[in-house]
Amino acid sequence: MSLGTGGRRGLVLGVGARSVGTPDELQALVDVALTEAGRDRGDVTLVTTSTRASSRPAVIELASACRAPLVPHAEAVLAGQPAPHPSEAAARAVGTSSVAEASVLASGARLVLGKRASAHFTVAVGELVERDPAGLEHQTDVAHQADLEHHGLEHRGLEHHGLEHHDLEHHGDVEARGARLDLAVNVAVPSPPPFVAQAIERALPQLAVYPDQGPTTRRAAHHLQLEPDRLLLTNGAAQAFSLLAHARRWTEALIVQPQFTEPEAALRAADVPVQHHVLSAEDRFSLRPDLVPTAPDLVVVGHPVNPTSVLFDRSDVLALRRPGRVLVVDEAFIDASSDPSQSLLQDRSLFDPEVAEREGEVVVVRSLTKTYGLAGLRAGLVVSTPALVERLERLQGHWSVNALALSAVDAVLTDEGDAFAQQTARRLHRNALHIAAALSDAGLQVVPPNAPFVLARHDQARLLRVRLRDKGIAVRRGDTFPGLGPQWLRFAARDPEVVEELTATLRPILDELGR
């Protein structure tokens, strides 16, 4: 990796950040600092900060916007740097008198612009000196690569995101807050259908009684044609991932990326080592089981995948099984996919203990909130072998699934619930095809959708998202998903009238960006 471009010297951005502060505030400060230094974002080679600040969403988004790796330094390392503008307040707050300037110096760069400050951020600009392109530049390169490896990062292309941190806690609801049109959140309906709302209302008098999920579990298992000991109701799919992260002493987990971020967040919170198998955009994010590493004892895959909207063939998913391995399949959107028959629940023998011991254990995680407008209620389920379900149940806190959620589960796992899901799936698939065609006509590169959302690529996607947000339209950014970058956006499959307003707003923005 060359740190210079066309003979120019690579820049290092040092950043200090408080716990609050927006990405726009930070990026505006950076643009001011770079202009003062006579440079621009295209010259930025590295974004660096303290370990504590490296998890701030604004800092992560800055690195993505600059197409540069984000490398943190421990506060103790920063405290030893001869920063020219120390701050006693910073020393008391974070243990080092300088973050922005000290981060630049700790990266082996020389300061060319001392710290500049806004209400919540500080920024300093440094330069990696390259006196001898055949010698010193290479040495700096090696030192930089060693620093990346020290932080568990590897040098790969931006499209594969080996260099970048991701805000795993960022979800579409953040994008949608205050928006006039929400294409960021994948909840299919604005409110629960009447038969579900009525069931919840009937359960209100039960709120004074501690909930017992046993009867609902048995009814749900009967509807799904499962033995009750192979099913566990959960407080949404997110709780299921947290329980699985703590279910065993995993040696190593592998996540097939891109993928919903909650499984990785849960695994990392449980200190489980995580690696990625990144599917290729050039190959339309196809799953090739023979290329997936065999060593990990836990593998997580989406089916269909959030955010790519790709639905794999069931046989390819099952090819990831290995004796001694647990394969976790996230089927949150399977009932709203183009082919729900690809669900692994179609083969109940997968959850037989003898089959699991011989071929590898399978866990299917389902969300019951997306199709029925229940995101605020939290309802999900896990299906696996009796032993693993029992283990998860022991880890689950008492009364995790509340009485209202249990009443909703009782309503949706019925013939009426199935009929509603099928009708909704047909509508969403038509919507997804419609919005995919509209985005393609507007000039975006679209991944063919098989789920109720569409992934699209545009070179100026970040600016496009910001401009749409200024017009009151929220779409989901892609760069918080490992395996994607800032060029990607995800659009929920909304009805035609919403898509018409989206495209009417989109085209002038694209024309402006093109100019």
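Given the structure is predicted, the values throughout are model-derived calculations rather than measurements.

Description of the sheet that holds strand E15 (residues 453-457)
(1) Moving on: Strand order in the open sheet formed by five strands is E6-E16-E17-E15-E14, and the pairing between neighbours is mixed. Here the strands that pair on one side only, and so sit at the sheet edges, are strand E6 (181-183) and strand E14 (445-446).
(2) Moving on: Pairing analysis gives two bridges linking E14 to E15, with the strands arranged antiparallel. Looking at E15, one finds that Gln-445 is bridged to Arg-457.
(3) Moving on: Relative to E15, helix H16 (residues 415-441) is tilted by about 15°, and along the sheet it contacts E6, E14, E15 and strand E17 (488-492).
(4) Moving on: Across the sheet, helix H18 (residues 496-514) is in contact with E6, strand E16 (473-477) and E17; its angle to E6 comes to roughly 95°.

With respect to the pattern of salt bridges
(1) Moving on: As enumerated under the stated definition, the model contains 24 salt bridges in all.
(2) Moving on: In this structure, Glu-264 and Arg-268 form a salt bridge, with 2.7 Å as the shortest nitrogen-oxygen distance. Within this pair, Glu-264 and its partner Arg-268 are both found in helix H11 (residues 262-269), separated by four residues, close to a single helical turn.
(3) Moving on: For the salt bridge of Arg-358 with Glu-359, the shortest nitrogen-to-oxygen distance reads 3.6 Å.
(4) Moving on: Take Glu-359: its relative accessible area is 31%, and that puts it in the partly exposed class.
(5) Moving on: The structure contains a network of salt bridges with shared partners spanning Asp-24, Glu-61, Arg-462, Arg-465, Arg-477 and Asp-479.

A short note on the sheet that holds strand E4 (residues 110-117)
By way of backbone hydrogen bonds, the strands of a sheet pair with one another, either parallel or antiparallel.
(1) Moving on: Taken together, the five strands give an open sheet; going across it, the order is E3-E2-E1-E5-E4, and neighbouring strands pair in mixed fashion. Where the open sheet ends on each side, the last strands, each with one partner, are strand E3 (70-73) and E4. Geometrically, the sheet is characterised by an average inter-axis angle of 25° between neighbouring strands, direction not taken into account.
(2) Moving on: Relative to the sheet, helix H2 (residues 57-66) contacts strand E1 (11-17), strand E2 (44-50), E3 and strand E5 (121-127), its axis offset from that of E1 by approximately 165°.

Conventions we followed
- Residues numbered from 1 in each chain as written.
- Predicted model: local features only at pLDDT ≥ 70, side-chain atom pairs only at ≥ 80, totals over all residues.
- Heavy atoms only, no water.
- Pairing = 2+ DSSP bridges.
- Helix = DSSP H or I, 4+ residues; strand = E, 2+ residues; numbered from the N terminus.
- Contact = heavy atoms within 4.5 Å.
- Axes fitted to C-alpha atoms, helices over the stretch in contact; angles between N-to-C directions.
- Salt bridge = Lys/Arg side-chain N within 4 Å of Asp/Glu carboxyl O.
- Buried < 20%, exposed > 50% of the residue type's maximum accessible area, 1.4 Å probe, protein only.

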